[in-house]
Amino acid sequence: MEMSPTIGPALNELIAFIAERFRFEAPAYPSLAGKTAEECLVFGIQHNALHVAKTAGKIASVMESVDHGGSLDAEELRKHVSRSLINTLRLAELVGLTGEEMVRAVEEKYRPKTDLI
């Protein structure tokens, strides 16, 4: 089953929206002052990876609490899952991954084994 051909372009639009609002520039990150474009890119990837880890940790924290008898805080979980998507799409833009490439990767990952023969 292939996904709708509109998903890739929609992801591209979302990636651009996030990238425009989540920039790695000197005013927000003083350590970037005077850095080359490549150094800023490396910083952006590293910094975004920290956001990915931080968000994953928050999701894990919500669920770990449930393991110990706490109640599921679905609203907190939803907030962090949404942030996880934002972080993933920002990282996609930083590494030059398009929406169409992401769709192809999902389709390939979940292609039935019989299609591989």
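Here, the structure is the one placed above.
Residues numbered from 1 in each chain as written. Predicted model: local features only at pLDDT ≥ 70, side-chain atom pairs only at ≥ 80, totals over all residues. Heavy atoms only, no water.

1. Overview of helix α2 (residues 37–67)
Heads up, the condition is: Starting at the N terminus, helices and strands are each numbered in turn, a helix being any DSSP run of H or I of at least four residues and a strand any DSSP run of E of at least two. Expected span of a helix, by definition, is 1.5 Å for each gap between consecutive residues, and there is one gap fewer than residues. Exposure classes here rest on a 1.4 Å probe applied to the protein chains alone. A residue is buried below 20% of its type maximum, exposed above 50%, and partly exposed in between. Residue contacts are defined here by distance: any two heavy atoms, one from each residue, within 4.5 Å place the two residues in contact.
With 31 residues, α2 extends 45 Å from end C-alpha to end C-alpha; this agrees with the ideal 45 Å at 1.5 Å per step. Those residues of α2 that fall on the buried side of the exposure criterion are C40, F43, G44, N48, T55 and V62. Packing partners of the buried residues in α2 comprise α3 (74–94). Positioned one or two residues after α2, G69 has a phi angle of 95°, which is positive.

2. What about the packing of helix α1 (residues 7–21) against helix α4 (residues 99–109)?
Using the following cut-off: Angular values range over 0 to 180 degrees, each being the angle between N-to-C directions of two axes fitted as lines to C-alpha atoms, with helices fitted over their stretch in contact. Oblique is the label for any angle not under 35 degrees, not over 145, and not in the 65 to 115 range, which are roughly parallel, roughly antiparallel and roughly perpendicular in turn. By definition, any crossing whose near helix is turned counterclockwise from its far helix by less than a right angle is left-handed, and any crossing with a clockwise turn is right-handed.
At their nearest, the axes of α1 and α4 sit 7 Å apart, and the two run at 130° to each other. By the angle between their directions, the pair α1 and α4 is classed as oblique. Between α1 and α4 the crossing geometry is right-handed. From α1, I7, G8, P9, L11, N12 and I15 reach across to α4, where they touch G99, E100, M102 and V103.

3. So, the pattern of salt bridges
If the charged atoms of two oppositely charged side chains come close together, the side chains can form a pair. Note the following rule: A carboxyl oxygen of Asp or Glu within 4 Å of a side-chain nitrogen of Lys or Arg is what we treat as a salt bridge.
Taken as a whole and assessed by the stated rule, the structure comprises five salt bridges. A salt bridge links E20 to R21, with the shortest nitrogen-to-oxygen separation between them at 3.8 Å. Owing to a relative accessible area of 48%, E20 belongs among the partly exposed residues under this scheme. Among the residues examined, R21 registers a relative accessible area of 52% and is labelled exposed. A salt bridge links E75 to R78, with the nearest nitrogen and oxygen atoms 3.9 Å apart. In this pair, E75 and R78 are both assigned in helix α3, three residues apart and thus about one turn of the helix distant. Accessibility expressed as a relative area gives 58% for E75, which makes it exposed.

4. Digging into the packing of α1 against α3
Selection rule: When residues are grouped by polarity, Ala, Val, Leu, Ile, Met, Phe, Trp, Tyr, Cys and Pro land in nonpolar, Asp, Glu, Lys and Arg in charged, and all others, Gly among them, in polar.
Two numbers describe how α1 lies on α3: the axes approach to 9 Å, and their chain directions differ by 90°. Classed by the angle they form, the pair α1 and α3 counts as roughly perpendicular. Between α1 and α3, the residues in contact are L11, L14, I15, I18 and A19 and I86, L89, R90, A92 and E93, respectively. Within the contact of α1 with α3, the residues separate by chemical class into eight nonpolar, no polar and two charged.

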